[in-house]
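# Coordinates in review
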Amino acid sequence: VQLQASGGGLVQAGGSLKLSCAASGRTTTMGWFRQAPGKEREFVAAFRWTPYYAESVKGRFTISRDNAKNTIYLQMNSLKPEDTAVYYCAAGNRLIVSTLAQGTMYDYWGQGTLVTVSS
């Protein structure tokens, strides 16, 4: 399965961006991770049967899935400078709810798209 992420860019604090990730095949779980400069990769959100979010983005980000297109979206609102990172989409078939935040459980990764939030 190949993943193609898009939608990153430069936005001012308080603004919005929408990321997309198209998969070449069907997987049970798709999600988003991010990695800021000098920091470790962290979980952002995932969609298995329902959406799951990291605490840091709850209420601001919305993940959705279009099964017909094998595509997930990440609508990011009220963006903050600390949201600046390279965002990666990921997918897999081995995940259960308790492992959704574990990047090592995802089998497929996209190339990443840069999101920059200016203050």
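These figures come from a predicted structure and were not determined experimentally.

## With respect to the sheet that holds strand β7 (residues 61-66)
Reading across the sheet, the 4 strands line up as β1-β3-β8-β7 and stay open at both edges, with antiparallel pairing between neighbours. Whereas interior strands pair on both sides, the edge strands pair on one side only; in this sheet they are β1 (3-6) and β7. Strand after strand, the sheet turns through a mean of 15 degrees between neighbouring axes, direction not considered. Both β1 and strand β3 (residues 17-23) contribute to a ladder of 4 bridges, which runs antiparallel. Its bridge partner being in β3, Ser6 is matched across the sheet by Ser20.

## Comments concerning the nonpolar core
In this structure, Trp32, Val44, Phe61, Leu74, Met76, Tyr87 and Tyr106 are the most contacted members of the largest nonpolar core, which totals 35 residues. Looking at this core, the elements with two or more residues in it are β1, β3, β4 (29-35), β5 (42-47), β7, β8 (71-76), β9 (85-92) and β11 (113-118). Ignoring any residue separated from it by four or fewer positions in sequence, one finds Tyr106 in contact with Thr29, Gly31, Phe33, Phe43, Ala46, Ala90, Ala91, Gly92, Arg94, Leu95 and Leu100.

## Here we look at the state of the cysteines
Inspection of every chain in the model, using the stated rule, returns 1 disulfide. Covalent S-S linkage joins Cys21 and Cys89, the inter-sulfur distance amounting to 2.1 Å. Since a negative S-S torsion denotes a left-handed disulfide, the Cys21-Cys89 link at about 60 degrees is right-handed. Residue Cys21 is located in strand β3, and its partner Cys89 is located in strand β9; the two are separated by 68 residues in the primary sequence. Cys21 gets classed as buried once you look at its relative accessible area, which sits at 0%.

## Things to note about the pairing of β11
Here β11 shows a clear split, with Thr113, Val115 and Val117 buried on one side and none of Leu114, Thr116 and Ser118 buried on the other. Pairing of strand β2 (residues 9-12) with β11, which is carried by 4 bridges, proceeds in the parallel orientation. Counterpart to Gln12 in the pairing with β11 is Ser118. Of the pairings in the sheet, the one linking β9 to β11 comprises 3 bridges and is antiparallel in character. From the neighbouring strand, Ala85 faces β11, where its bridge partner is Val115.

## Regarding the environment of Met30
Relative to the helices and strands, Met30 resides in strand β4. Taking the C-alpha atoms as reference points, Met30 and Gly7, 23 residues apart in sequence, are found 17 Å from one another. Leave out the neighbours within four places in its chain, and Met30 touches Leu3, Cys21, Ala23, Ala46, Phe47, Ile63, Arg65, Asn70, Ile72, Ala90 and Ala91.

Thresholds, definitions, all that
Residues numbered from 1 in each chain as written. Predicted model: local features only at pLDDT ≥ 70, side-chain atom pairs only at ≥ 80, totals over all residues. Heavy atoms only, no water. Pairing = 2+ DSSP bridges. Helix = DSSP H or I, 4+ residues; strand = E, 2+ residues; numbered from the N terminus. Axes fitted to C-alpha atoms, helices over the stretch in contact; angles between N-to-C directions. Core = buried A, V, L, I, M, F, W, Y, C linked by side-chain atoms within 4.5 Å. Buried < 20%, exposed > 50% of the residue type's maximum accessible area, 1.4 Å probe, protein only. Contact = heavy atoms within 4.5 Å. Disulfide = S-S within 2.5 Å.

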